[in-house]
Amino acid sequence: MSPTRPAKAVLVSDIHLPGGPSAYRDRLLALLRDIDADAVYLLGDIFEYWLGDDVSGAEHAPVLAALRRRAAGGTRIYFMAGNRDFLVSPALLARHGVIPLPDPCVVRLPDGPALLSHGDQWCTQDHAYQRWRRFAHRPAVRRAFLALPRPARRAIARRLRAGSAHRARATAESILDVEDRAVEHAFRCHRIDRIVHGHTHRPALHHHAGGDRIVLPDWRPDDCRYLLASRDGLAEHRLN
């Protein structure tokens, strides 16, 4: 469990920020600059993809600089990898003052403890995705991918994104969602009664036998939402 409890904390995931300048990126920069919070939890797929620090680090330099400035000002910035940005290196996070979190992880939010996760590990009915996830997270596979020339990495990312979009259209929603038994196991295993996660792009509050499960909203260029945790509880906010 994280050692300190913030007074206010932002929880956000699934921004899927592409590289390069955009009004979309400006909205994230505004959130990092203006939000009244002393902790920020970035819970995966903040970036559309991460092809290695040498490629994506340069593409997202303004966001990384904003994280460093916020961390230098005293805000605790936490990063949990998603299925699109799991190649962000611990060394890069350390250089920018960002604290890595394992997935899942119990933290102290202002209104009490919660188990945080990106959420994809609980989509256990999607067997093809889980096979790919186990393969992609192998250290040898990571090293091999990062050793490829930059154009090859970009080409692989394009194919993976196209394949993911096709599978999302062709697969039943119940298969793509988290599985109740996996979630109930997480409640029991971590002895917790609240889970917050992203990944599914289906923001909602779900009531389980073990506790409540809050799904974070995904971002879109015209609809950028996050959760703000305070001692009064969790509240959804939308960027103007």
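Residues numbered from 1 in each chain as written. Predicted model: local features only at pLDDT ≥ 70, side-chain atom pairs only at ≥ 80, totals over all residues. Heavy atoms only, no water.

Trainee: With reference to specific residues and values, describe the overall build of the protein chain.
Mentor: Along the backbone of the protein chain there are nine helices and eleven strands. In summary, the protein chain has a C-alpha radius of gyration of 17 Å against a globular reference of 18 Å for 240 residues, a match within 12%. Projected onto the principal axes, the alpha-carbon positions of the protein chain cover approximately 50 × 40 × 35 Å. Across the 240 residues in the protein chain, those meeting the buried criterion constitute 52%. Considering only residue pairs separated by 6 or more positions, the protein chain has 68% of its internal contacts joining residues 24 or more positions apart. Working note: accessible area of the protein chain is about 11,600 Å², and carbon and sulfur atoms make up 54% of it. Charge separation in the protein chain, taken as the distance between the mean sites of 36 positive and 27 negative side-chain charges, equals 6 Å. (Helix = DSSP H or I, 4+ residues; strand = E, 2+ residues; numbered from the N terminus. Rg over C-alpha atoms; globule rule 2.2 N^0.38 Å. Buried < 20%, exposed > 50% of the residue type's maximum accessible area, 1.4 Å probe, protein only. Contact = heavy atoms within 4.5 Å. Areas by Shrake-Rupley, 256 points an atom, 1.4 Å probe, with all protein chains shown as cover. Lys, Arg positive; Asp, Glu negative; His and termini not counted. Charge placed at Lys NZ, Arg CZ, Asp CG, Glu CD.)

Trainee: I'd like to hear about the side chain of Glu 59, residue by residue, with values.
Mentor: Topologically, Glu 59 is positioned in helix α2 (residues 53–59). Judged by relative accessible area, Glu 59 falls into the buried class, the value being 18%. Dropping the residues within four chain positions of it, Glu 59 is found in contact with Gly 19, Gly 20, Arg 25, Tyr 49 and Arg 154.

Trainee: Let's hear about the pattern of salt bridges: which residues, and what values?
Mentor: All told, the structure shown has 15 salt bridges when counted by the stated rule. Here Arg 194 makes a salt bridge to Asp 111, at a shortest N to O gap of 2.7 Å. Of the two residues, Arg 194 is situated in strand β7 (residues 194–197) and Asp 111 in the loop between β5 (105–109) and β6 (112–117); the sequence distance between them amounts to 83 residues. Relative accessible area serves as the criterion here: at 29%, Asp 111 is assigned to the partly exposed category. One salt bridge in this structure joins Asp 177 and Arg 202, with 3.5 Å as the shortest N-O distance. Taken together, the positions of Asp 177 in the loop between α8 (173–176) and α9 (180–190) and Arg 202 in the loop between β7 and β8 (204–207) put the pair 25 residues apart, joining distant regions of the chain. Each of Asp 223, Arg 225, Glu 236 and Arg 238 takes part in one network of salt bridges that share partners. (Salt bridge = Lys/Arg side-chain N within 4 Å of Asp/Glu carboxyl O.)

Trainee: Outline the nonpolar core, listing residues and values.
Mentor: Within soluble globular proteins, side chains that are nonpolar tend to cluster in buried spots. Ranked by internal contacts, the top residues of the largest apolar core, which has 40 residues, are Leu 28 and Trp 219. Contributions of two or more residues to this core are made by β1 (9–12), α1 (23–34), β2 (39–42), α3 (61–72), β3 (76–79), α4 (90–95) and β10 (225–230). With sequence-adjacent residues up to four places away left out, Trp 219 is seen in contact with Val 12, Ser 13, Asp 14, Ile 15, Tyr 24, Arg 27, Leu 28, Leu 31, Cys 224, Arg 225 and Leu 239. (Core = buried A, V, L, I, M, F, W, Y, C linked by side-chain atoms within 4.5 Å.)

Trainee: I'd love a proper account of the sheet that holds β5, names of residues and values included.
Mentor: Sheet strands associate in pairs through backbone hydrogen bonding, adopting either a parallel or an antiparallel arrangement. In spatial order, the strands read β5-β6-β7-β9-β8; together these five strands make up an open sheet with mixed pairing. Of all strands in the sheet, those bounded by a partner on one side alone are β5 and β8. Averaged over neighbouring strand pairs, the angle between their axes works out to 30° when direction is ignored. Where β6 lies against β7, three bridges are found, and the strand directions are parallel. Bridge pairing links Ser 117 to His 197 in β7. Docked against the sheet, α9 engages β5, β6, β7 and β9 (212–215), running at close to 125° with respect to β7. (Pairing = 2+ DSSP bridges. Axes fitted to C-alpha atoms, helices over the stretch in contact; angles between N-to-C directions.)

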